[in-house]
Amino acid sequence: MGKFITIKDVAAKAGTSSCTVSYVLSGKKGRYITPEMRKRVEDAVNELNYVKSRNAASLKGASTKLIAIVVPQFDNQFFTRVVSFAESVLVENGYDIIIFNTADDHEREMDILNRALQLRVSGVIITPTDKGDEALAYLDSVDLPYVVADRKTNYSYIRASVLTDNYRGGELAANRLIGCGHRKIGYIGWDSGVPCLDDRLEAILSVYKGKGEVAVEKDAMDFADGYAATERLLKKHPDITGLIYGFNLQAGGGVKYLRENNIAIPDELSVVVIGTPQWSYIGNDFDRIWLGEREIGRKSAMLLLSLINGEAEKDVHLVQDCRLDIGKTVKTL
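Each chain carries its own residue numbering, running from 1 in the direction its sequence is written. Local features in a predicted model are, by the rule used here, given only for residues with pLDDT of at least 70; side-chain atom pairs are given and counted only at 80 or more, and totals for whole chains, interfaces and linings are based on all residues. Heavy atoms from the whole structure form the basis of all side-chain values; hydrogens and water molecules are not counted.

### Thoughts on the pairing of strand 2 (residues 96-101)
The pairing criterion is simple: DSSP has to find at least two bridges between the two strands. Think of it this way: any DSSP run of H or I at least four residues long counts as a helix, any run of E at least two long counts as a strand, and we number them from the N terminus. Pairing of strand 1 (residues 66-71) with strand 2 involves six bridges; the strand directions are parallel. What sits directly across from Val70, in strand 2, is Phe100. Seen with its strands pointing away from the viewer, a crossover is right-handed if its path from the first strand over the helix to the second goes clockwise. In this view, the connection linking strand 1 to its parallel neighbour strand 2 by way of helix 4 (residues 77-92) has right-handed handedness.

What follows is the structure, given as structure tokens:
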């Protein structure tokens, strides 16, 4: 795995010399190349999925000791921790890393992967976007080792993954509130388009089915939208006694709204955060769900190294445990 297609491979496929292939790919006009030969080269490039290298030393087909880590939200502490702990494992094993942020944009994701291939990376750790199946198929088409971190996709050929247990995270949060007597609660979530992230809400609804009521408000994934979603939900449902934030970035904005409007936590409103942003440990010391991002980063790196070294003999798919950390933001009714 991980042997990149070279100009020499393209030349052999097209039945010409490496110099001719290089000339065609350079786009230069000074030397005459027959239309037939140019087409043969272009067809060979497409058939072999050749990606031009930016690194001349890589033209011999050897990969670099470089790993690409592709995350969707670098301003989210969850992913900075994943990167940090993956890096510690990779550096210890003689690899350098390059970090890319897709901003949850699929077109940007595909462009990033193409650039990573140009750099002749040895492997990729990737948290896919909502259309990440195409990205994973692309990595498979060039036979590059990769590990999917955090998010499950519908792509059926994934070789290795280390996933967040989103359902269990939602279940723990809901059980914390219902166990303390909260029968009507709110949920602030993200309309992500990523199916596995909806597992958090599905678990909460399952816990409350026949036992209580869950008011749901969804918005985009950032601080300001968490603020706005909290305001909308509380105006629609002023009688809720508990609130679950499904995502770190929204939670920060939502808690800011509660504080600015003098809504006392937990006396007036109990709060559970799915995730462990740094601010959740100070001040109120929030009840929160630890999702294991440090372990996701570490295990993803170790799994990727095993793929690169040819040590993984079969598909490996891990689901990271999560847990409830009890703080001081849930009141028993």
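### Some points on the pattern of salt bridges
A pair is scored as a salt bridge if a Lys or Arg side-chain nitrogen falls within 4 Å of a carboxyl oxygen belonging to Asp or Glu. Following the criterion strictly, the structure yields 18 salt bridges and no others. For Glu293, the salt bridge identified is with Arg81, shortest N-O distance 2.7 Å. With a gap of 212 residues between them, Glu293 in helix 11 (residues 293-308) and Arg81 in helix 4 connect regions that are remote in the sequence. The same class applies to Glu293 and to Arg81, which are both buried. Through salt bridges with shared partners, a single network forms among Glu217, Asp219, Arg232 and Lys236. In this scheme, a residue with accessible area under 20% of its type's maximum is buried, one over 50% is exposed, and one in between is partly exposed, where area comes from a 1.4 Å probe on protein chains only.

### Points about the sheet that holds strand 8 (residues 242-245)
Here six strands make up an open sheet; going across it, the order is 7-6-8-9-10-12 and the pairing mixed. Taken across any chain shown, the strands that pair with only one partner, and hence form the sheet edges, are strand 7 (213-219) and strand 12 (323-325). This sheet shows a mean twist of 20° between the axes of neighbouring strands, independent of strand direction. By the bridge criterion, seven bridges tie strand 6 (residues 184-190) to strand 7 in an arrangement that is parallel. The residue bridging Trp190 from the neighbouring strand is Asp219, located in strand 7. Only heavy atoms enter the contact rule, under which two residues are in contact if any of them lie within 4.5 Å. Here the axes come from fitting lines to C-alpha atoms, over the contacting stretch only for helices, and the angles between their N-to-C directions go from 0 to 180 degrees. Sitting on the sheet, helix 8 (residues 199-208) touches strand 6, strand 7, strand 8 and strand 9 (270-274), and the angle it makes with strand 7 is about 165°. Docked against the sheet, helix 10 (residues 248-260) engages strand 6, strand 7, strand 8 and strand 9, running at close to 145° with respect to strand 8.

### A closer look at helix 4
Taking 1.5 Å of rise per residue, the 16 residues of helix 4 would be expected to cover 22 Å, and the 23 Å separating its terminal C-alpha atoms lies within 8% of that figure. All buried positions along helix 4 are accounted for by Phe78, Phe79, Arg81, Val82, Val83, Ala86, Val89 and Leu90. For helix 4, the capping residue at the N-terminal end is Asn76, with a side-chain oxygen 2.9 Å from the backbone nitrogen of Phe78. Note on helix 4: the residue one or two positions beyond its end, Gly94, has a positive phi of about 85°. Expected span of a helix, by definition, is 1.5 Å for each gap between consecutive residues, and there is one gap fewer than residues. Residues adjacent in sequence count toward polar contacts only when both atoms are side-chain atoms; beyond that, a polar contact is any pair of N or O atoms within 3.5 Å, and within protein one must be able to donate a hydrogen and the other to accept it.

### Some thoughts on the sheet that holds strand 4 (residues 146-150)
One open sheet holds the six strands; their spatial order is 2-1-3-4-5-11, and the pairing between them is parallel. In this open sheet, the two edge strands, each paired with only one partner strand, are strand 2 and strand 11 (316-320). Neighbouring strand axes in the sheet, compared pairwise and without regard to direction, differ in orientation by 15° on average. Where strand 3 (residues 123-126) lies against strand 4, three bridges are found, and the strand directions are parallel. If you follow Val124 over to strand 4, its bridge partner there is Tyr146. Relative to strand 1, helix 4 is tilted by about 165°, and along the sheet it contacts strand 1, strand 2, strand 3, strand 4 and strand 5 (160-164). Sitting on the sheet, helix 6 (residues 132-141) is in contact with strand 3 and strand 4, with an inclination near 160° to strand 4.

### Some thoughts on the layout of surface pockets
Quantified by volume, the largest pocket comes out at close to 180 Å³. Lining the largest pocket we find Pro72, Gln73, Asp75, Ala103, Asp104, Asp130, Trp190, Ser192, Val194, Met221, Asp222 and Leu249. Only protein atoms enter the 1 Å grid used here. Points where a 1.4 Å probe fits but cannot escape make up a cavity, open sets with protein on both sides within 12 Å along at least five of seven lines make up a pocket, and a residue lines them when an atom lies within 4 Å of a point. Grid points are joined across faces, edges and corners, and a volume is the space filled by probe spheres set on the points.

### Considerations on the environment of Ser161
Along the polypeptide, Ser161 turns up in strand 5. Residue classification places Ser161 among the buried positions, given a relative accessible area of 3%. Between the C-alpha atom of Ser161 and that of Val147, which follows or precedes it by 14 residues, the distance is 5.2 Å. Leave out the neighbours within four places in its chain, and Ser161 touches Val147, Val148, Leu303, Val316, His317 and Leu318. Engagement of the side chain of Ser161 in a polar contact is seen with the side chain of His317, the distance being 2.8 Å.

### Concerning empty space enclosed by the protein
Within this structure, the stated rule accounts for two cavities of 30 Å³ or more. The volume enclosed by the largest cavity comes to roughly 130 Å³. Asn76, Phe78, Phe79, Arg200 and Phe247 are, among the 15 residues lining the largest cavity, the residues nearest its centre. Ten residues, namely Ala, Val, Leu, Ile, Met, Phe, Trp, Tyr, Cys and Pro, are considered nonpolar, four, namely Asp, Glu, Lys and Arg, are considered charged, and the remaining ones, Gly among them, are considered polar. Across the lining of the largest cavity, the residue classes tally to eight nonpolar, four polar and three charged. Volume-wise, the second largest cavity comes out at about 30 Å³. Tyr187, Trp190, Leu197, Asp198, Leu201, Lys218 and Phe247 together form the lining of the second largest cavity. Counted by class, the lining of the second largest cavity contains five nonpolar, no polar and two charged residues.

### Focus on the environment of Phe74
Note on placement: Phe74 falls in the loop between strand 1 and helix 4. Sequence separation of Phe74 and Thr102 is 28 residues, and the distance between their C-alpha atoms is 8.7 Å. Leaving out residues up to four positions away in the same chain, Phe74 has contacts with Thr80, Val83, Ile99 and Asn101.

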